[in-house]
There are 2 protein chains.
Amino acid sequence: MVTIKQVSEKAGVSSATVSRVINNTGTVKEKTRERVMTAMAELGYRHNVVAASLASNKTHTIGYVVPELHGSFFGAMMGGTEQALRQAKKHMLIATGHSDAQIEKEQIDALLSRRCDALILHVEAVSDEYLVSLVHQGVELVVVNRFIEEIGDNCISLDNVKGGYLASRHLLDIGHTKIAYIAGSLFKADGKNRLTGHQQALADMGVEYTDNLTYEGNFQAKSGTEGIRALVARGAKFTAVACANDEMASGAMIALRELGRRVPEDVSVIGFDNVDFASYLSPGLTTIDYPVQKIGSMAAHWVLERVYGHTRHEYQHILSPRLILRGTTSSPE
Amino acid sequence: MVTIKQVSEKAGVSSATVSRVINNTGTVKEKTRERVMTAMAELGYRHNVVAASLASNKTHTIGYVVPELHGSFFGAMMGGTEQALRQAKKHMLIATGHSDAQIEKEQIDALLSRRCDALILHVEAVSDEYLVSLVHQGVELVVVNRFIEEIGDNCISLDNVKGGYLASRHLLDIGHTKIAYIAGSLFKADGKNRLTGHQQALADMGVEYTDNLTYEGNFQAKSGTEGIRALVARGAKFTAVACANDEMASGAMIALRELGRRVPEDVSVIGFDNVDFASYLSPGLTTIDYPVQKIGSMAAHWVLERVYGHTRHEYQHILSPRLILRGTTSSPE
DNA sequence: TGATTTTATGAAAGCGTTTACATAATTGTG
DNA sequence: CACAATTATGTAAACGCTTTCATAAAATCA
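Residues numbered from 1 in each chain as written. Chains lettered and ligands numbered in written order. Predicted model: local features only at pLDDT ≥ 70, side-chain atom pairs only at ≥ 80, totals over all residues. Heavy atoms only, no water.

Trainee: Please explain the relation of the copies chain B and chain A as it appears in this structure.
Mentor: Relating one copy of the chain to the other takes a rotation about an axis and a shift parallel to that axis. You can overlay chain B on chain A at an RMSD of 0.1 Å; the transform is a turn of 180 degrees with a shift of 0.0 Å along its axis. Put plainly, the chains are arranged around a two-fold axis. Both copies share a contact surface, since 100% of the interface residues of chain B are interface residues in chain A too. (Least-squares fit on C-alpha atoms with pLDDT ≥ 70 in both. Contact = heavy atoms within 4.5 Å.)

This is the structure we're talking about:
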């Protein structure tokens, strides 16, 4: 590996000067710059970012923890982040937490050991206090899809309660009163909040909530299918089903078809997230838009501003979901 | 930040010893190890991987270039990789190449500057020669979804020709002869190869290939929709349509429905990749399975073995696709 | 027990940069 | 043109580890 030293010798300057041209810092005469550039090209020099990071105490790397890599959701989110970071020449070190507190902590720890300049965390199992304590230790982090009052400034989240409300409110508005709910994992904040929204909508419209119409799934398509089967098996009567995400909604649609129930004629279905394939289904899935890419990019801008001193960007710390009307909902007979 | 030095003083040992207990190298007496561990705990020591990387010339980091982050495909692939790497305590530095040769090169360069121990590349625009030259320079890399004879050992790919063949052969086998083809971007190797497979299947079965039945899309859902419209507009007659991926297949299904053509009764549809949502569609999409997660994990194992000396794993450098029969194909009337 | 292995530890030289700080070269001013 | 101000460059000390080599301590052996 050729070093800055060798370049400096070849160019007849000191290594400090070479460093200056590499980083575009300080002042260097045009002619000198050219000599250095030529020397670098001729020697095939490649900057050693590891050494630079050690010396400068900046890695230009953002640690990113997401629960999983597969599926449509996190890719879209990371895509939003990446787009913003790439222009700033920052990179992302990616780790998965698998919704397990132990693993999440280990991964956060590993990313900090690697001296990431900041962390973007989509973690679900670790406690609020733990995240708060990290912030108090001076770790630069933004928590995504989760709102923690005490460090609200570090959070970017969607109003899941409102989303849940919007979904069920839509069903109520078009005339449904017997609405089943397939929830996400209730130990996760978003799973719980979306259900809360559903309950609020029912309450607002004077419809009684009953556990008998609710099934706790796990955000996976299969649990949507199982949810419908379980609901029907327990004799629940419903003309609509709200699901805590699109995967479960598509699973539910499959089960409904198996049972000979048409969507939306017999049963309306609404999802949540508006992942890319929601519009591929037929009928297209009515759902709640989760501006996931936007959230990803806001997280990036937060970091760019806070950690790297880029100019101010506009934030909302709590984004609003909105209803996306497609073909899976209609008024009951 | 507390350093190894401070730990060593507190524990009354040298920093070399502290390094030994951190890395589990050399020999250190149990009692000493404990003293060091205690000191680390009390001081809240956090290992500085950047410094360690500089000194040891290993970053334990794999650079990963994919075209995009959104969609179901690359997440699944990276998920396969991550799972294997996590156990080995390696991390992934992720970059996107956007199918642009310039960007792909820049990203590869950036990852090398960060001294990644190895690269996993899903690149589409950069030339074979460029990748070959990297390998000859001694860069440890595995190329995914692309086969380059000269560095075949570094490649893990799917036999796309065979996949294309399998898809169209299935349609032919069940009696179709008028088969439209919605291709992926033909400047990409997989787009081209899948089309080649289609053509071979036709030839094998004595059906003439005609450009009039082929539309070049871009692997996105919308281009599937446009493909059907264009085909119909140019008066093409077909009873089946093979698509170069599942996104375009779902786009095609949408267009077919708009035109009042039932799937599969009037037109059979087959996709490619078997991404997660293929089974959510209704009818479920018949497609070709791309064992993408497996490929991701094979890439990881290649690296673990080659770069980190882990024990030998079984490879196939060219994997075989297989047909997944679901509900979108049936014999023509 | 003294000699010989073996095991445990320390000293110190890197690893390839960045970045004060100091100094040299250049430009500007009256 | 002398002197001040400005611009350009160099020197050398970090940055926090790993790792070789030497040496000290402990264990083994005859």
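Trainee: Whenever I open this one, the sheet that holds strand 9 (residues 268-270) of chain A confuses me. Can you help?
Mentor: Strand pairing in a sheet relies on backbone hydrogen bonds, with the paired strands running either antiparallel or parallel. Residues and elements named next belong to chain A. Taken in spatial order, the 4 strands line up as 7-6-8-9 in an open sheet, and their pairing is parallel. Each end of this open sheet is capped by a strand with a single partner; those strands are strand 7 (214-216) and strand 9. With direction set aside, neighbouring strand axes in the sheet form an average angle of 15 degrees. Here helix 9 (residues 189-204) sits on the sheet in contact with strand 6 (179-183) and strand 7, set at roughly 165 degrees to strand 6. (Pairing = 2+ DSSP bridges. Helix = DSSP H or I, 4+ residues; strand = E, 2+ residues; numbered from the N terminus. Axes fitted to C-alpha atoms, helices over the stretch in contact; angles between N-to-C directions.)

Trainee: Sorry if this is basic, but what is going on with the protein's contact with DNA strand C here?
Mentor: Neighbouring DNA strand C are 26 residues, the closest being Ser19, Asn23 and Tyr45 of chain A together with Ser14 and Thr32 of chain B. Considering the 4 Å shell around the protein, atoms of DNA strand C inside it are sugar or phosphate in 63% of instances. Take serine 19 of chain A: an N or O atom from its side chain is 2.2 Å from a phosphate oxygen of DNA strand C. For the surface near DNA strand C, the secondary-structure elements that each account for two or more residues are helix 2 (15-23) and helix 4 (49-56) of chain A together with helix 2 (15-23) and helix 4 (49-56) of chain B. Per-class residue counts for the surface near DNA strand C are 11 nonpolar, 11 polar and 4 charged. (Near = heavy atom within 4 Å. Polar contact = N/O pair within 3.5 Å; in protein donor to acceptor, adjacent residues only side chain to side chain. Nonpolar A, V, L, I, M, F, W, Y, C, P; charged D, E, K, R; others polar.)

Trainee: Is there a simple way to explain the protein's contact with DNA strand D in this structure?
Mentor: Within the structure, DNA strand D sits among 25 residues, and Ser14, Arg20 and Thr32 of chain A together with Ser19 and Tyr45 of chain B are positioned closest to it. When atoms of DNA strand D within 4 Å of the protein are split into backbone and base, the sugar-phosphate part holds 62%. Between DNA strand D and serine 19 of chain B there is a distance of 2.4 Å, counted from a phosphate oxygen to a side-chain nitrogen or oxygen. Breaking the surface near DNA strand D down by element, the ones donating at least two residues are helix 2 and helix 4 of chain A together with helix 2 and helix 4 of chain B. Residues belonging to the surface near DNA strand D are distributed by class as follows: 11 nonpolar, 11 polar and 3 charged.

Trainee: Sorry if this is basic, but what is going on with the domain arrangement of chain A here?
Mentor: For an interface, size is often stated in terms of accessible area lost upon the parts coming together. Residue and element names in this part refer to chain A. By domain assignment, chain A separates into domain 1 (4-47), domain 2 (60-158 + 292-319) and domain 3 (160-290). The centre of domain 2, based on its C-alpha atoms, is set 29 Å off from the matching centre of domain 3. Counting from both sides, the interface comprises 8 residues of domain 2 and, opposite them, 10 residues of domain 3. With both sides pooled, the region where domain 2 packs onto domain 3 buries about 990 Å², and carbon together with sulfur makes up 52% of that total. If you sort the residues of domain 2 by the area they bury against domain 3, Ser72, Phe73 and Leu158 come out on top, with a joint share of 51%. Remark: the boundary between domain 2 and domain 3 carries 1 salt bridge. Among the ionic pairs, glutamate 124 bridges to lysine 188, the shortest N-O distance being 2.9 Å. The class makeup of the residues in the side of domain 2 that touches domain 3 is 4 nonpolar, 3 polar and 1 charged. (Domains from an automatic or database assignment. Buried area = accessible area lost by both parts, 1.4 Å probe. Salt bridge = Lys/Arg side-chain N within 4 Å of Asp/Glu carboxyl O.)

Trainee: What exactly am I supposed to notice about the packing of helix 1 (residues 4-11) of chain B against helix 3 (residues 30-43) of chain B here?
Mentor: When two helices pack together, their arrangement is given by the angle between their axes and by how far apart the axes lie. Residues and elements named next belong to chain B. Here helix 1 crosses helix 3 at 120 degrees, and the two axes come no closer than 9 Å. Classified by the angle their axes make, helix 1 and helix 3 are oblique. Note on packing geometry: the crossing formed by helix 1 with helix 3 is right-handed. Across the interface between the two elements, Gln6, Val7, Lys10 and Ala11 of helix 1 pack against Arg35, Val36, Ala39, Met40, Glu42 and Leu43 of helix 3. Of the residues contributing to the contact of helix 1 with helix 3, the split by class is 6 nonpolar, 1 polar and 3 charged. (Parallel < 35°, antiparallel > 145°, perpendicular 65-115°, else oblique. Left-handed = near helix turned anticlockwise from the far one by under 90°.)

Trainee: Explanation requested: the environment of glutamate 258 of chain B in the structure shown.
Mentor: Residues and elements named next belong to chain B. Following the sequence through the fold, glutamate 258 ends up in helix 11 (residues 246-258). Judged by its relative accessible area of 51%, glutamate 258 falls in the exposed class. In this structure the C-alpha to C-alpha distance between glutamate 258 and arginine 229, which are 29 residues apart in sequence, comes to 9.7 Å. (Buried < 20%, exposed > 50% of the residue type's maximum accessible area, 1.4 Å probe, protein only.)

Trainee: Sorry, what's going on with helix 8 (residues 160-173) of chain A here?
Mentor: One turn of an α-helix holds 3.6 residues; hence residues three or four places apart share an orientation. Residue and element names in this part refer to chain A. With 14 residues, helix 8 should cover 20 Å at 1.5 Å per step; its first-to-last C-alpha distance of 19 Å lies within 8% of that length. The N-capping residue of helix 8, defined by a side-chain oxygen 3.3 Å from the backbone nitrogen of valine 161, is aspartate 159. Phi turns positive, to about 115 degrees, at glycine 175, one or two residues after helix 8. (Expected span 1.5 Å × (residues − 1).)

Trainee: Help me understand the interface of chain B and chain A in this model?
Mentor: If you look at the interface, chain B gives 50 residues, while chain A gives 50 residues. For the pairing of chain B and chain A, the buried interface totals around 4,400 Å² over both sides, and the portion due to carbon and sulfur atoms is 57%. For chain B, the biggest contributors to the area lost against chain A are Arg46, Arg114 and Tyr280 of chain B; these three give 17% of the whole. One can count 2 salt bridges joining chain B with chain A. Among the ionic pairs, arginine 46 of chain A bridges to aspartate 109 of chain B, the shortest N-O distance being 3.0 Å. On inspection of chain B and its partner chain A, the count reaches 29 residue pairs in polar contact (both at pLDDT 80 or more).

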